[in-house]
Amino acid sequence: MQAKKRNTPYGFATRAIHHGYNPQDYHGALNPPIFMSSTFGFKDSGHGTELFSGDAEGYFYHRAGNPTVSVLENRLAELEGAEAGIATSSGMGAITAAFWTLLNSGDEIIADKTLYGCTFSVLQHHIGRFGVKTTFIDMSNPDELARAISGNTRIVYCETPANPNMRLVDIAAIAEICKQYDASFIVDNTYCTPYLQRPIELGADIVVHSATKYLGGHGDLLAGAVIANREMIDQIRSVGLTEMNGAIISSLDAFLIMRGLKTLQLRMDRHSQTALKLAKLLQDHPAVDIVYYPGLVSSPFHQLASRQMSQYGGMIALELKGGIEAGRNFMDALQLVTSAVSLGDAETLVQHPASMTHAKYEPEEREKHGFTDGLIRISVGLEDYDDLATDMSDALSSLKQG
Ligand code: 4LM
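Computed from a predicted model, the values in this text were never measured in an experiment.

1. Regarding empty space enclosed by the protein
Scanning the model with the defined rule gives two cavities of 30 Å³ or more in all. Taken as a whole, the largest cavity encloses approximately 50 Å³ of empty space. Lining the largest cavity are His62, Arg63, Ala64, Gly65, Asn66, Val69, Glu73, Ala87, Arg237, Leu241, Ile248 and Ile249. Looking at the lining of the largest cavity residue by residue, the class counts come to six nonpolar, three polar and three charged. Within this model, the second largest cavity holds a volume of roughly 30 Å³.

Here it is in structure tokens:
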């Protein structure tokens, strides 16, 4: 925090609102100014040379840095308990900026078997063309990593909870194994945000985000972030982001994410509370076969979640007794809940991973990677619990009658 200094550290919500910005630096403006400038003038030609060589600090071209974006980057790093961060134009931009920086031909990535569809597709369909081998394992069992890892393993990668089936990975246990082999452990923390889980404090090396989701929080932008130590971030910024994928966030989107961060804690509390109540309601409904939510005592990940996350988050997955057909009918019968991909918005969203977010998995791959064709995913929004409960109960009851 730059503005007012005190000895005790500020809490999460305070830092999410204030960190790294002093209104008095900008005419008292409560919000950081949106610098809409692709290029920045030099004091003289020598200054320009110094900026490019890194001998002087400052801004010279938006792809290398922008003052509005810098406030966001420092704030996200602070919230994750890390030294530095970069903001990107999408979650995929963040993930691939890290990959293009760290990987060389001949390296191996070991990834958890359940990943968001496009991340899976990068690893399964594309990265092999550059001589990088991917091995998928069940990372919820650290012994599988201990068996698979070798001196060639450059990156170990997971989401926890995993999209879409809510499997969890023990971050501290995996980090310990990675350290022995000098592999970079990357955790996609999109589902949790740093308010619910801070992987770097648990030993991970790099955190990536789709800031499109809870960090932005309002379904009005695409963005991503990479958070790590300063040396790593300097490398990812100059190689993967600035020179290789160019996935640069706009200053307007950086501003909107900071607006979202002001209510992150309030929103995550509400998402988590409503999701837990809905998960229990759905679990007890006769039309429902199984609910995947780490807050349920019946979840095999309940203990780990209680230790690793401060609350259980806003994402639920479920399977209905009538399989995929019942799932589609359930989605179509919902009146209030919107049928859409993405997550973390104020509006509750429902979607069918096998044909939507995870359609990049071949039908025969889905079971092996931990989810069935019948799985339905719900991103629980911020509406009144009673209205969501009524909408979902009515939709489920209509199935029984049908
Ligand atoms: C979705 N997800 O699931 P951008 N990491 C995780 C994600 O869920 C996503 C990304 C990265 C969904 C998008 C349609 C865990 C995306 C990729 O979409 O590039 O910001 O993030 O519904």
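2. Comments concerning the sheet that holds strand 5 (residues 184–188)
Ordered in space as 1-7-6-5-4-2-3, the seven strands form an open sheet in which the pairing is mixed. Only two strands of the sheet have a single neighbouring strand rather than two, namely strand 1 (84–88) and strand 3 (133–137). Neighbour to neighbour, the strand axes of the sheet diverge by 20° on average, direction disregarded. Bridging between strand 5 and strand 6 (residues 206–210) involves three bridges; their strand directions are parallel.

3. A closer look at a nonpolar patch on the surface
Residues Ile34, Met36 and Leu252 make up a contiguous nonpolar surface patch of about 290 Å² in total accessible area. With respect to the element layout, Met36 can be found in the loop between helix 1 (12–18) and helix 2 (45–53). On the accessibility criterion, Met36 (65% relative accessible area) is exposed.

4. Things to note about the packing of aromatic side chains
Counted according to the given criterion, the structure contains 11 aromatic pairs. Considering the side-chain rings of Tyr293 and Tyr312, the 6.4 Å spacing of their centres and the 70° angle between planes classify their relative orientation as edge-to-face. Of this pair, Tyr293 sits in the loop between strand 8 (288–292) and helix 12 (302–308) while Tyr312 sits in the loop between helix 12 and strand 9 (315–320), placing them 19 residues apart in sequence. Accessibility assignment for this pair places Tyr293 and Tyr312 in one class, buried.

5. Topic: the sheet that holds strand 9
Taken in spatial order, the five strands make up an open sheet running 8-9-12-11-10, and their pairing is mixed. Among the strands making up the open sheet, the edge pair consists of strand 8 and strand 10 (338–339). Sheet analysis places strand 9 next to strand 12 (residues 376–379), joined by four bridges and oriented antiparallel. Bridged to Leu318 within strand 12 is Ile376. Docked against the sheet, helix 11 (residues 264–283) engages strand 8, strand 9 and strand 12, running at close to 10° with respect to strand 9.

6. Quick look at the side chain of Glu73
Take Glu73: it is sitting in helix 3 (residues 67–80). Ignoring sequence-local partners within four residues, the contact set of Glu73 consists of Gly85, Ile86, Ala87 and Arg237.

7. Some points on helix 10 (residues 251–261)
Taking burial as the measure, the 11 residues of helix 10 include nine buried ones, the bulk of the element. Burial in helix 10 covers these residues: Ser251, Asp253, Ala254, Phe255, Leu256, Ile257, Met258, Gly260 and Leu261. Tucked into the core, helix 10 has its buried residues touching helix 1, helix 3 and helix 11.

8. Section: the packing of helix 4 (residues 91–102) against helix 5 (residues 117–126)
Orientation of helix 4 relative to helix 5, taken along the N-to-C sense of each, is 30°, at an axis distance of 10 Å. In this view, helix 4 runs roughly parallel relative to helix 5, as classed from their interaxial angle. Here the hand of the crossing between helix 4 and helix 5 comes out right-handed. Residues Met92, Ile95, Thr96 and Phe99 of helix 4 form the contact with helix 5, whose participating residues are Cys118, Thr119, Val122 and Leu123. A breakdown of the residues in the contact of helix 4 with helix 5 according to their chemical character gives six nonpolar, two polar and no charged.

9. A short note on the layout of surface pockets
Where empty space is left in the structure can be found by rolling a water-sized probe over the atoms. In this structure, the largest pocket spans a volume of roughly 770 Å³. In this structure, the largest pocket is lined by 26 residues; those nearest its centre are Gly58, Ala64, Gly65, Asp234 and Arg237. Broken down by secondary-structure element, the contributors of at least two residues to the lining of the largest pocket are helix 2, helix 3, strand 1 and helix 9 (230–245). No other element matches the seven residues that helix 9 contributes to the lining of the largest pocket. Along its surface, the second largest pocket is lined by 29 residues, and Tyr116, Asn163, Ser210, Lys213 and Ser342 are the ones closest to its centre. When residues of the lining of the second largest pocket are traced back to their parent elements, those giving at least two are helix 4 and helix 5. In terms of residue count, the dominant contributor to the lining of the second largest pocket is helix 4 (three residues). Tallied by class, the residues present in the lining of the second largest pocket amount to 12 nonpolar, 11 polar and six charged. Looking at the lining of the second largest pocket, you find at least three residues from each of domain 1 (12–261) and domain 2 (265–401).

10. Considering unusual backbone geometry
A negative phi angle is the norm for most residues apart from glycine, just as the trans form is the norm for most peptide bonds. In this chain, Thr160 is followed by Pro161 through a cis amide linkage whose omega measures -5°. Tracing the backbone shows Pro161 in the loop between strand 4 (153–159) and helix 7 (171–181). Residues Asn163 and Pro164 are joined by a peptide bond in cis, for which omega reads 15°. Within the secondary structure layout, Pro164 lies in the loop between strand 4 and helix 7. Look at Asp182: it is not a glycine, yet its phi comes out positive at around 60°. Looking at the secondary structure, you find Asp182 in the loop between helix 7 and strand 5. By relative accessible area, which is 65% here, Asp182 ends up exposed. The backbone of Thr193 shows a phi angle near 65°, a positive value even though the residue is not glycine. Relative to the helices and strands, Thr193 resides in helix 8 (residues 193–196).

Calculation notes
Residues numbered from 1 in each chain as written. Predicted model: local features only at pLDDT ≥ 70, side-chain atom pairs only at ≥ 80, totals over all residues. Heavy atoms only, no water. 1 Å grid on protein atoms, 1.4 Å probe; cavity = no way out; pocket = protein on both sides within 12 Å on 5 of 7 lines; lining within 4 Å. Points joined across faces, edges and corners; volume = space filled by probe spheres on them. Nonpolar A, V, L, I, M, F, W, Y, C, P; charged D, E, K, R; others polar. Pairing = 2+ DSSP bridges. Helix = DSSP H or I, 4+ residues; strand = E, 2+ residues; numbered from the N terminus. Axes fitted to C-alpha atoms, helices over the stretch in contact; angles between N-to-C directions. Patch = residues over 30% accessible without salt bridge, like charges linked within 9 Å, V, L, I, M, F, W, Y side chains within 5 Å. Areas by Shrake-Rupley, 256 points an atom, 1.4 Å probe, with all protein chains shown as cover. Salt bridge = Lys/Arg side-chain N within 4 Å of Asp/Glu carboxyl O. Buried < 20%, exposed > 50% of the residue type's maximum accessible area, 1.4 Å probe, protein only. Phe/Tyr/Trp six-rings, centres within 6.5 Å; stacked < 30°, edge-to-face > 60°. Contact = heavy atoms within 4.5 Å. Parallel < 35°, antiparallel > 145°, perpendicular 65-115°, else oblique. Left-handed = near helix turned anticlockwise from the far one by under 90°. Domains from an automatic or database assignment.

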